[in-house]
Amino acid sequence: MERPSWDEYYMEIARVVSKRSTCLRRQVGAVLVLERRLLATGYNGAPVGLQHCRETGCLREQRGVPSGERHELCRGLHAEQNAIIQAALYGVAIKGATLYCTHFPCVVCAKMLVNARVSNLVLEHDYPDPLAKAIFQEAGVTISYLDKP
């Protein structure tokens, strides 16, 4: 059995993290890594202690909101947001970290990641958000895609 590369290793962890997602539309997992050390993980779902979309139904589906629009009309937080929050909650610095994520971040997450000084993204799936891509490019965030096994 061949040993996985570091990128493959952390992306596999992100895939496992995504399995905890309670989103009815898309299961996303995120892992923040610095100097080959896992700092924080996140998946998309409702805030702590609140009912999940699996229990209440998807507000976005109920209102016919297309993918990529009106991010505020959702009970859940994105995986990237939850990873940043987990790091902050436990006092873990993420400046200079790499985000391994199963999907390309939306523009809201892009702005948060830039402000948190995350410097690299390794992604599995693309997402059509031209503004997010422009923000990452302007901020000098390196983006690469990992081919699925």
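Residues numbered from 1 in each chain as written. Predicted model: local features only at pLDDT ≥ 70, side-chain atom pairs only at ≥ 80, totals over all residues. Heavy atoms only, no water.

## A word on the overall build of the protein chain
- Scanning the protein chain from terminus to terminus reveals 6 helices and 5 strands.
- The N-to-C order of helical and strand elements in the protein chain reads α-β-β-α-α-α-β-α-β-α-β.
- A globule of 149 residues ought to have a C-alpha radius of gyration of about 15 Å, and the protein chain, at 15 Å, matches this closely.
- Along the three orthogonal principal directions, the C-alpha set of the protein chain runs to about 45 × 35 × 35 Å.
- Looking at the protein chain as a whole, 41% of its 149 residues qualify as buried.
- Of the contacts formed within the protein chain by residues at least 6 apart in sequence, a portion of 54% connects residues at least 24 apart. (Helix = DSSP H or I, 4+ residues; strand = E, 2+ residues; numbered from the N terminus. Rg over C-alpha atoms; globule rule 2.2 N^0.38 Å. Buried < 20%, exposed > 50% of the residue type's maximum accessible area, 1.4 Å probe, protein only. Contact = heavy atoms within 4.5 Å.)

## Quick notes on helix H5 (residues 107-115)
- Burial in H5 covers these residues: Val107, Cys109, Ala110 and Leu113. Here the buried residues of H5 occupy an arc of 155 degrees about the axis, which is enough to place them on one side.
- On its buried side, H5 packs onto helix H4 (79-89), strand S3 (98-103), strand S4 (120-125) and helix H6 (130-139).
- Backbone geometry just after H5 places Arg117 at a positive phi near 65 degrees. (Arc of directions from axis to C-beta.)

## Some points on the sheet that holds strand S1 (residues 29-34)
- A sheet is described by the order of its strands in space; here 5 strands give the open sequence S2-S1-S3-S4-S5, paired in mixed fashion. Since the sheet does not close on itself, it has two edges, and those belong to strand S2 (37-43) and strand S5 (142-145), each with one partner. If you compare each strand with its neighbour and ignore which way they point, the axes differ by 20 degrees on average.
- Of the strand pairs in this sheet, S1 and S3 are connected by 4 bridges, and their pairing is antiparallel. (Pairing = 2+ DSSP bridges. Axes fitted to C-alpha atoms, helices over the stretch in contact; angles between N-to-C directions.)

## Description of the packing of H4 against H5
- Where H4 contacts H5, the two axes come as close as 9 Å, and the packing angle between them is 30 degrees. Taken together, the axes of H4 and H5 are roughly parallel relative to one another. Our pair here, H4 against H5, has a crossing hand that is left-handed. Contacts between H4 and H5 involve Glu80, Gln81 and Ile84 from the first element and Val108, Cys109, Met112 and Leu113 from the second. (Parallel < 35°, antiparallel > 145°, perpendicular 65-115°, else oblique. Left-handed = near helix turned anticlockwise from the far one by under 90°.)

## Details of the packing of aromatic side chains
- For the structure shown, the criterion picks out 5 aromatic pairs.
- Between Trp6 and Tyr9, the ring centres sit 5.8 Å apart and the planes meet at 85 degrees, which makes this aromatic pair edge-to-face. Highlighted residues: Trp6 and Tyr9, both in helix H1 (residues 6-18), separated by 3 residues, approximately one helical turn.
- Exposure remark for Trp6: the relative accessible area of 37% places this residue in the partly exposed category.
- Ring centres of Tyr9 and Tyr10 lie 4.9 Å apart, and the angle between their planes is 70 degrees; this geometry places the pair in the edge-to-face category.
- Connected via pairs of aromatic rings, a cluster forms that spans Trp6, Tyr9, Tyr10 and Tyr100.
- Its guanidinium or amino end placed over the ring of Phe104, Lys133 lies 5.1 Å from that ring's centre, counting from NZ or CZ. (Phe/Tyr/Trp six-rings, centres within 6.5 Å; stacked < 30°, edge-to-face > 60°. Lys NZ or Arg CZ within 6 Å of the ring centre and 35° of its normal.)

Coordinates in, geometry out; function isn't part of it.
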